[in-house]
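Results of the structural survey
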Amino acid sequence: MQQISICVYCGARDGSDPAYAAAAEALGWEIGAAGWRLVYGAGDVGLMGRVARSAQNAGAQTFGVIPDHLVKWEVGKRDLTTFVVTDTMHERKKVMLMNADAIAVLPGGAGSLDEFFEVLTWRQLGLHDKPIVLMNVEGYWDPLIALMHHVVDQGFAGSDIVENVQVSPDAPGTIAALRRALSARSVAVE
């Protein structure tokens with residue numbers, strides 16, 4: 001049976017609410033406890049570092065992808081199972097998505113938003129059918145969810161952009177949503 005791989009997008013900073021760091025650690029632990037592999041941006045700072053260290057502590061395989069120009073800034077985490085250095089950000093995003101069965105999005109900044117909107121757009125265009133879950137820690141993504149509804153209400157997208165994104169408040173809910181979505185896609189879930 002093929003190992004399930006979850007791509008996690010998240011901040012290279014911890015953010016202002018300690019709940020974000022706790023959520024990243026919980027998600028990493030849950031990924032490892034499920035026997036899944038973590039795919040992420042290969043950084044060892046902020047929420048990225050927290051989710052990776054926690055996944056490793058729970059026994060998860062880790063697949064990190066980082067562009068060369070960010071190896072020092074995001075402190076490339078070289079003790080991963082797989083550590084890939086790319087030339088560009090776009091290549092990083094492509095490699096991450098191609099090596100994942102599903103996507104979970106923790107709180108983050110412009111980079112996380114860029115990653116989220118790219119996988120959402122690609123899904124809308126039929127380029128993939130991988131589940132996308134926003135982990136809405138302490139309501140962090142509420143403005144984004146409202147914006148997505150606004151885009152639909154104003155006629156710039158169909159309701160599929162909202163329907164293609166599941167929302168969960170915490171790590172256990174995110175894992176449960178991923179399990180359901182992966183089972184519906186006929187991906188073997190242990």
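Details of the structure are given in the entry above.
Below or above, wherever it landed, is the structure these notes cover. (Residues numbered from 1 in each chain as written. Predicted model: local features only at pLDDT ≥ 70, side-chain atom pairs only at ≥ 80, totals over all residues. Heavy atoms only, no water.)

**Here we look at unusual backbone geometry**
The cut-off we apply is this: The helix and strand labels rest on DSSP assignments: H or I over at least four residues marks a helix, E over at least two residues marks a strand, and numbering proceeds from the N terminus. Each residue is assigned to one of three classes by its accessible area relative to the maximum for its type, calculated with a 1.4 Å probe on protein chains only: buried under 20%, partly exposed between the two thresholds, exposed over 50%.
Even without being a glycine, Ala-42 presents a positive backbone phi close to 70 degrees. Tracing the chain through its elements places Ala-42 in the loop between β2 (37-40) and α2 (46-57). Relative accessible area serves as the criterion here: at 0%, Ala-42 is assigned to the buried category. Even without glycine at this site, Glu-138 takes up a positive phi of about 50 degrees.

**Thoughts on the nonpolar core**
This is how it is decided: Grouping buried Ala, Val, Leu, Ile, Met, Phe, Trp, Tyr and Cys residues that are joined through side-chain atoms within 4.5 Å yields what is termed a nonpolar core. By definition in these notes, contact holds between two residues if any of their heavy atoms fall within 4.5 Å.
Ranked by internal contacts, the top residues of the largest apolar core, which has 36 residues, are Ile-6, Val-8, Leu-27 and Leu-106. Per-element tally for this core: the top contributor is helix α1 (residues 18-33), with six residues. Non-local contacts of Leu-106, meaning those with residues more than four positions away in its chain, are made with Val-8, Tyr-9, Cys-10, Ala-23, Ala-24, Leu-27, Val-51, Met-135 and Trp-141. Within the second largest apolar cluster, 23 residues are counted, among which are Cys-7, Val-119, Leu-120 and Leu-134.

**Comments concerning a nonpolar patch on the surface**
This is how it is decided: Surface patches are defined over residues having more than 30% relative accessible area and no salt bridge, joining like charges when they lie within 9 Å and nonpolar side chains (Val, Leu, Ile, Met, Phe, Trp, Tyr) when within 5 Å. Only the protein chains shown count as covering a residue, and every accessible area follows the Shrake-Rupley method with a 1.4 Å probe. The working definition used for a salt bridge is a side-chain nitrogen of Lys or Arg within 4 Å of a carboxyl oxygen of Asp or Glu.
Where nonpolar side chains cluster on the molecular surface, the patch consists of Leu-113, Phe-117 and Leu-147 and spans about 230 Å² of accessible area. The residue Phe-117 is located in helix α4 (residues 110-124) in this model.

**Some remarks on the pattern of salt bridges**
Pairing between side chains of opposite charge can happen when their charged atoms approach one another. In this structure the tally under the stated criterion is six salt bridges. Here Arg-50 ties to Asp-14 by a salt bridge, and the two come within 2.8 Å at their closest N and O atoms. Of this pair, Arg-50 sits in helix α2 while Asp-14 sits in the loop between β1 (5-9) and α1, and the two are 36 residues apart along the sequence. With relative accessibility at 23%, the residue Arg-50 sits in the partly exposed group. Measuring nitrogen to oxygen at the nearest pair gives 2.8 Å for the salt bridge that ties Asp-79 to Lys-77. Residue class for Asp-79 comes out exposed when judged on its relative accessible area of 51%. Assessed through its relative accessible area of 4%, Lys-77 is described here as buried. When salt bridges with common partners are traced through the structure, they connect Asp-14, Glu-25 and Arg-50 into a single cluster.

**Let's talk about the pairing of strand β5 (residues 102-105)**
What counts is decided by this rule: Only strands that DSSP links by at least two bridges are regarded as paired with each other.
Across the two faces of β5 the burial is the same, with Ala-102 and Ala-104 and Ile-103 and Val-105 all buried. Taken together, the three bridges between β5 and strand β6 (residues 132-135) define a ladder with parallel strand orientation. Following the sheet pairing, Ile-103 is matched in β6 by Ile-132.

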